[in-house]
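One letter stands for each residue in the lines below.
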Amino acid sequence: MALAQTLAPLIDLAFPPRCPLCGEGLLAQTGLCASCWGELVIPGDPSCSLCQRPFTDGMADGAVCAPCLAEPPRHDGIAAGTFYNDASRRLVLSFKRGKRIALAPMMARLMAARMQEVDATWLLVPVPLHRWRLWRRGFNQAALLAREIARIKGMRVEVDALLRIKATPSLGGLGSKARARALAGAIAVNPKRASLLRGASVMLVDDVLTSGATSHACVAALKRAGAKRVAIACFARVLDEALPV
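Counting of residues starts from 1 at the beginning of each chain's written sequence and follows it residue by residue. The model is predicted, so local features are restricted to residues of pLDDT at least 70 and side-chain atom pairs to those at 80 or more, both for listing and for counting; the totals for chains, interfaces and linings are taken over all residues. Side-chain numbers come from the whole structure's heavy atoms, not from hydrogens or water.

### Thoughts on helix H5 (residues 104-113)
The element H5 is largely enclosed, with a buried count of 7 among its 10 residues. Relative accessible area decides the class of each residue, using a 1.4 Å probe on protein chains only: under 20% of the type maximum gives buried, over 50% gives exposed, and in between gives partly exposed. Secondary structure counts use DSSP, requiring at least four H or I residues in a row for a helix and at least two E residues in a row for a strand, with both numbered from the N terminus. Looking at H5, one finds that the buried residues are Ala104, Met106, Met107, Ala108, Leu110, Met111 and Ala112. Here, residues are in contact when the closest pair of their heavy atoms is within 4.5 Å. Its buried side turned inward, H5 meets helix H2 (34-37), strand S1 (78-83), helix H4 (86-96), helix H7 (141-153), strand S6 (201-209) and strand S7 (229-237).

Written as structure tokens, this is what we have:
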């Protein structure tokens, strides 16, 4: 850390800090410009105690939204750093496909800020990539986020607690039933880590939470292995009704 701080002025001189969304100059390489920060939609309260779906004012603490009452989720809570909109989408694409892994600390800080009831006894488990996709991309974006959250919260990461044992197609454009079929048998607990999961509280980490098909498969695998609680942390959650009109 001391070396990084010492070299920071030289790095900033050679590579002037710029906002990763708009390119505007920054004082330090720590995040976004003020304008782009304002484009992110940050979850707030009041919200559903199970899924973080926003409520209108006047709802009591601990209230549960109608979708969760109609179909109780398998998970034990969601901590989303942002709601998915154009700004968060561009950050995710830059991070994941543009390979701008230096965005991980900033994204993880937003996620960690929503993990208010989580302490160092929880395990961080990233959503796994199949080995062929990991080979092509060169990194697992969920694992990078999990490691950064671990530094912030003082938690333990089990990078390979879950395995993606079957390659799956892109889930974009698929319906819920097709997504479930694609993920059937794709996620499994690593036998070498099974003993760590029994009775554990687990925070499952991913970059984006869309339909929940992948996270549901991961949550199911973790609970079959004996995890006591499994919550989900993501940078961007797709929830169109939470966005301003």
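### Section: the environment of Leu40
Along the chain, the position of Leu40 falls in the loop between H2 and helix H3 (66-70). For Leu40, a relative accessible area of 7% puts it in the buried group. Distance in space between the C-alpha atoms of Leu40 and Ala236 is 9.8 Å, their sequence separation being 196 residues. What Leu40 contacts, discounting residues up to four positions off in sequence, is Leu32, Thr82, Asn85, Ala87, Ser88, Leu91 and Leu110.

### Describing the side chain of Arg164
Tracing the backbone shows Arg164 in strand S4 (residues 162-164). Two residue types count as positive, namely Lys and Arg, and two as negative, namely Asp and Glu; His and chain ends fall outside the count. Note on definitions: salt bridges are taken to be side-chain nitrogens of Lys or Arg within 4 Å of carboxyl oxygens of Asp or Glu. Asp206 provides the closest opposite charge to the buried, unpaired Arg164, separated from it by 6.3 Å. Separated by 2.9 Å, the side chain of Arg164 and the backbone oxygen of Pro128 make a polar contact. Leaving out residues up to four positions away in the same chain, Arg164 has contacts with Val127, Pro128, Leu129, His130, Leu183, Ala186, Ile187 and Thr214. We call two N or O atoms a polar contact when they sit within 3.5 Å, provided that within protein one can donate a hydrogen and the other can accept it, with sequence-adjacent residues counted only if both atoms are side-chain atoms.

### Quick notes on unusual backbone geometry
Asp45 connects to Pro46 through a cis peptide bond whose omega is 5 degrees. Within the element layout of this structure, Pro46 appears in the loop between H2 and H3. With phi around 70 degrees, Gln52 is a residue other than glycine that occupies positive phi space. Within the secondary structure layout, Gln52 lies in the loop between H2 and H3. On the accessibility criterion, Gln52 (4% relative accessible area) is buried. One non-glycine residue, Lys99, adopts positive backbone phi at about 60 degrees. With respect to the secondary-structure elements, Lys99 resides in the loop between H4 and H5.

### Quick word on the sheet that holds S7
In this analysis, strands are considered paired if DSSP registers two or more bridges between them. The 5 strands lie next to each other as S1-S7-S6-S2-S3, forming an open sheet whose pairing is parallel. Bordering the open sheet on either side are S1 and strand S3 (156-157), each of which pairs with just one other strand. As defined by bridge partners, strand S2 (residues 123-126) adjoins S6 across 4 bridges and the pair is classed as parallel. Residue pairing across strands places Pro126 opposite Val205, the latter belonging to S6. Its contacts with the sheet place H7 against S2, S3 and S6, and it is angled at close to 125 degrees to S6. Structural elements are reduced to axes, namely lines fitted to C-alpha atoms, with helices fitted over the stretch in contact, and the angle between N-to-C directions of any two is expressed from 0 to 180 degrees.

### Some thoughts on the pattern of salt bridges
Inspection of every chain in the model, using the stated rule, returns 9 salt bridges. In this structure, Asp86 and Arg89 form a salt bridge, with 2.9 Å as the shortest nitrogen-oxygen distance. Taken together, the positions of Asp86 and Arg89, both in helix H4 and 3 residues apart, correspond to about one turn of that helix. The class for Asp86 is partly exposed, based on a relative accessible area of 41%. Residues participating in the shared-partner salt-bridge network are Glu39, Asp86, Arg89 and Arg90.

### Some words on the pairing of S2
Burial of S2 is two-sided: the residues Leu123 and Val125 facing one way and the residues Leu124 and Pro126 facing the other way are all buried. Where S2 and S3 come together, 2 bridges link them in parallel fashion. When the bridges of S3 are listed, Leu123 appears paired with Arg156.

### Digging into the packing of H5 against H7
Following both chains from N to C, one finds H5 and H7 inclined at 60 degrees, their axes separated by 8 Å at the closest point. Overall, the two elements H5 and H7 adopt an arrangement that is oblique. Handedness of the H5/H7 crossing: right-handed. From H5, Ala104, Pro105, Met107, Ala108, Arg109, Met111 and Ala112 reach across to H7, where they touch Leu144, Leu145, Glu148, Ile149, Ile152 and Lys153. Roughly parallel means an angle under 35 degrees; roughly antiparallel, over 145; roughly perpendicular, 65 to 115; everything else is oblique. Put simply, a crossing is left-handed when the front helix is turned counterclockwise from the back one by less than a right angle, and right-handed when it is turned clockwise.

### Describing the environment of Pro16
Position of Pro16 relative to the elements: it lies in the loop between helix H1 (2-14) and H2. Spatially, the C-alpha atoms of Pro16 and Leu26 are 7.8 Å apart, while their sequence positions differ by 10 residues.

Distances and angles like these do not, on their own, reveal function.
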